[in-house]
Amino acid sequence: MKVLVLGAGNVGRAIAWDLRDEFEVYVGDVSDDRLKTVSEFATPLKVDASDFDELVEAMKNFELVVGALPGRFGYQAVRAAIKAGVDMVDVSFMPENPLELRDEAEKAQVTVIFDAGFAPGLSHMLMGRIWQEMDELKEGYIYVGGLPKEPRPPLYYRITWSPKDLIEEYTRPARVIREGEVRAVDPFERMERVEVRDLEFEAFVSDGLRSLLESVKAEKLEEWTLRWPGHLEKMKVLRELGFFKPEHVDKTLEVITPLMTYESPDFSVMKVIGRGTIDGEPKEIGYLLYDEERDGFTSMARVTGFTAAIVARLVAEQNCIYGVIPPEILGMRIDTFTRIGDELADRGITLERWENAPPGDS
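The shown structure was predicted, so the numbers you read here are calculated from the model rather than taken from an experiment.

So, unusual backbone geometry
Between Ala 119 and the following residue, Pro 120, the backbone shows a cis peptide bond with an omega angle of 5°. Looking at the secondary structure, you find Pro 120 in the loop between strand S6 (111-113) and helix H6 (122-133). One non-glycine residue, Gln 109, lies in the positive phi region at around 55°. By secondary structure assignment, the location of Gln 109 is in the loop between helix H5 (102-107) and S6. Using a relative accessible area of 51% as the deciding quantity, one classes Gln 109 as exposed.

Brief notes about the pairing of strand S7 (residues 136-148)
Judged by how many residues are buried, S7 sits mostly within the fold: 10 of 13 residues are covered. Pairing between S7 and strand S13 (residues 266-278): 12 bridges, direction antiparallel. The residue of S13 that forms the bridge with Leu 147 is Phe 267. The pairing of S7 with strand S12 (residues 220-227) spans six bridges and is parallel. Along S12, the bridge assignment pairs Tyr 143 with Trp 224.

Thoughts on the UniProt feature "domain: Saccharopine dehydrogenase NADP binding" (unreviewed entry) in the protein
As recorded in UniProt, the sites labelled "domain: Saccharopine dehydrogenase NADP binding" (unreviewed entry) are residues 3-113. A distance of 15 Å separates the end C-alpha atoms of residues 3-113, which is 39% helix and 23% strand.

Things to note about helix H13 (residues 334-346)
When the terminal C-alpha atoms of H13 are compared, their 18 Å separation across 13 residues agrees well with the 18 Å that a helix rising 1.5 Å per residue should span. The set of residues buried in H13 consists of Thr 336, Phe 337, Ile 340, Glu 343 and Leu 344. Buried residues of H13, viewed axially, fall in a sector of 140°; they line one side. In H13, those exposed residues whose orientation departs by more than 90 degrees from the buried face are Ile 334 and Asp 346. Downstream of H13 by a residue or two, Gly 348 has a phi angle that is positive, lying close to 85°.

A look at the sheet that holds strand S1 (residues 2-6)
Pairing in this open sheet of seven strands is parallel, and the strands run S3-S2-S1-S4-S5-S6-S15 from one edge to the other. Bordering the open sheet on either side are strand S3 (43-46) and strand S15 (323-325), each of which pairs with just one other strand. The mean angle between the axes of side-by-side strands here comes to 20°, regardless of whether they run parallel or antiparallel. Sheet topology note: the strand S4 (residues 64-67)/strand S5 (residues 87-90) ladder contains four bridges and is parallel. Along S5, the bridge assignment pairs Val 65 with Met 88.

A short note on the pattern of salt bridges
Overall, the coordinates contain 34 salt bridges when judged by the stated rule. Among the ionic pairs, Arg 339 bridges to Glu 343, the shortest N-O distance being 2.4 Å. Placement of the pair is Arg 339 and Glu 343 together in helix H13, with a separation of four residues, close to one helical turn. Take Glu 343: its relative accessible area is 13%, and that puts it in the buried class. Through salt bridges with shared partners, a single network forms among Asp 18, Glu 22, Arg 313, Glu 317, Arg 339, Glu 343 and Arg 347.

Things to note about the domain arrangement of the protein
The domain architecture assigned to the protein consists of domain 1 (2-113) and domain 2 (122-299 + 350-356). Between domain 1 and domain 2, the C-alpha centre-to-centre distance is 25 Å. In this complex, domain 1 contributes 14 residues to the contact, which on the side of domain 2 involves 12 residues. Of the roughly 1000 Å² buried between domain 1 and domain 2 on both sides combined, carbon and sulfur atoms contribute 56%. At the boundary of domain 1 and domain 2, one finds zero salt bridges. Between the two partners, domain 1 and domain 2, sit two residue pairs in polar contact (both at pLDDT 80 or more). Considering every element that reaches the side of domain 1 that touches domain 2, the biggest residue donor is helix H1 (residues 10-19), with four residues. Among the residues forming the side of domain 1 that touches domain 2, the class breakdown is seven nonpolar, four polar and three charged.

Topic: the nonpolar core
Counting residues in hydrophobic clusters, the biggest one holds 64 residues, and the most contacted among them are Val 66 and Ile 340. The biggest single contributor to this core is helix H11 (residues 299-316), with 11 residues. Once you skip the residues sitting within four places of it in the chain, Val 66 turns out to touch Val 3, Leu 4, Val 5, Leu 6, Ile 15, Leu 19, Val 89, Ala 308 and Ala 312. Counting residues in hydrophobic clusters, the runner-up holds 35 residues, among them Tyr 141, Val 249, Met 260 and Leu 288.

Rules behind the numbers
- Per chain, the residues get numbers from 1 upward, laid out in the order the sequence is written.
- Residues qualify for local features only when their pLDDT is at least 70, as the model is predicted, and side-chain atom pairs are given and counted only at 80 or more; totals for whole chains, interfaces and linings, by contrast, use all residues.
- Water and hydrogen atoms play no part in the side-chain values, which are based on all heavy atoms of the structure.
- Segments assigned H or I by DSSP are reported as helices when at least four residues long, segments assigned E as strands when at least two residues long, and all are numbered from the N terminus.
- The buried label applies to any residue whose accessible area, calculated with a 1.4 Å probe on protein chains only, is under 20% of its type's maximum; exposed applies above 50%, and partly exposed to all values in between.
- Pairing between two strands is assigned when DSSP locates at least 2 bridges connecting them.
- UniProt positions are given in the numbering used here, feature names are shortened, and annotations may be inferred rather than shown by experiment.
- One fewer than the residue count of a helix, multiplied by 1.5 Å, yields its expected span.
- Directions drawn from the helix axis to the C-beta atoms are what define this arc.
- The convention used is that axes are lines fitted to C-alpha atoms, helices contributing only their stretch in contact, and that angles between N-to-C directions extend from 0 to 180 degrees.
- Each reported salt bridge corresponds to a side-chain nitrogen of Lys or Arg within 4 Å of a carboxyl oxygen of Asp or Glu.
- What fixes the domain bounds is an automatic or database domain assignment.
- Contacts are assigned to residue pairs with any non-hydrogen atoms lying within 4.5 Å of each other.
- Summed over both partners, the accessible area lost on bringing two parts together, with a 1.4 Å probe, is the buried area.
- Counting of polar contacts relies on pairs of N or O atoms within 3.5 Å, with two restrictions inside protein: one atom must be capable of donating a hydrogen and the other of accepting it, and residues adjacent in sequence are counted only when both atoms are side-chain atoms.
- Each residue gets one label: Ala, Val, Leu, Ile, Met, Phe, Trp, Tyr, Cys and Pro are nonpolar, Asp, Glu, Lys and Arg are charged, and the others, such as Gly, are polar.
- Note on terminology: a nonpolar core comprises buried Ala, Val, Leu, Ile, Met, Phe, Trp, Tyr and Cys residues joined through side-chain atoms within 4.5 Å.

If you want it as structure tokens, here you go:
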């Protein structure tokens, strides 16, 4: 099977590398320099993701597309896949709602699984599994972060993904469920200290629930993104001073990106908790993930790219129905959930499950 991976950044490279032995893998990108980084295990292909017609024509030559583009290109890439009649798995964190394309995908007999990375992605699969096991889910929380092991001042953060998408986390209203209703709140409405695996982080509410807002019913549902202490207050001040406004953000990134670009191993951490009832009894179910950079890939590339590659295999094997499918559906199905967990473990990414007593942290 011929597979096109769109995007030759850290995540796209990890996806292509993971798929290399089972598929004929091509990687599309507009940058010659980025394409050189994949040439040892995939065929580079010059593609301009901003050109819709060019995307459609490129996709027609493949049986499966995996999107690893910045969020601003994601929705267009999904539209192009549907028009080209090719299945797609996407991790772009697009601001638009891809579920709006459901009817078009079904009519074209195309399968699209969006948000199929780490968070959103694996986070949704875990919450979907918890929701499926509960008779009633009263509250659910996702805590997630991708961080440098050796944070450096002044921002205590290392960029391992799209800088513009990072800024989006601080500017986009965060949608949550409170008292059973969807609400949009300021990401910086409050910042809390959170401890995971004996590590202390700052946390802010982020707009990562996305399709969970429709598919999972609960009285309270929130996603919190983790940062090292000292980062969030500085980003809040920059936002308040207007440096993240669309007309200023490119210049701002020219200044702050170098401050967050340095050599340090990264790690990824995720804790997903659901509280509710089973057979009328109170129940808490949770999952904990911790992963570190290794084998030439950042941890964020591993947990995002390898998850997407595993989902891509499911689509290639036609284990999914036609249409636009949110990732939590894969968690609600025990067969696909088990397959994804087992394959992640094969790559050294393990999930620790608990009931009623979280393992070694508060």
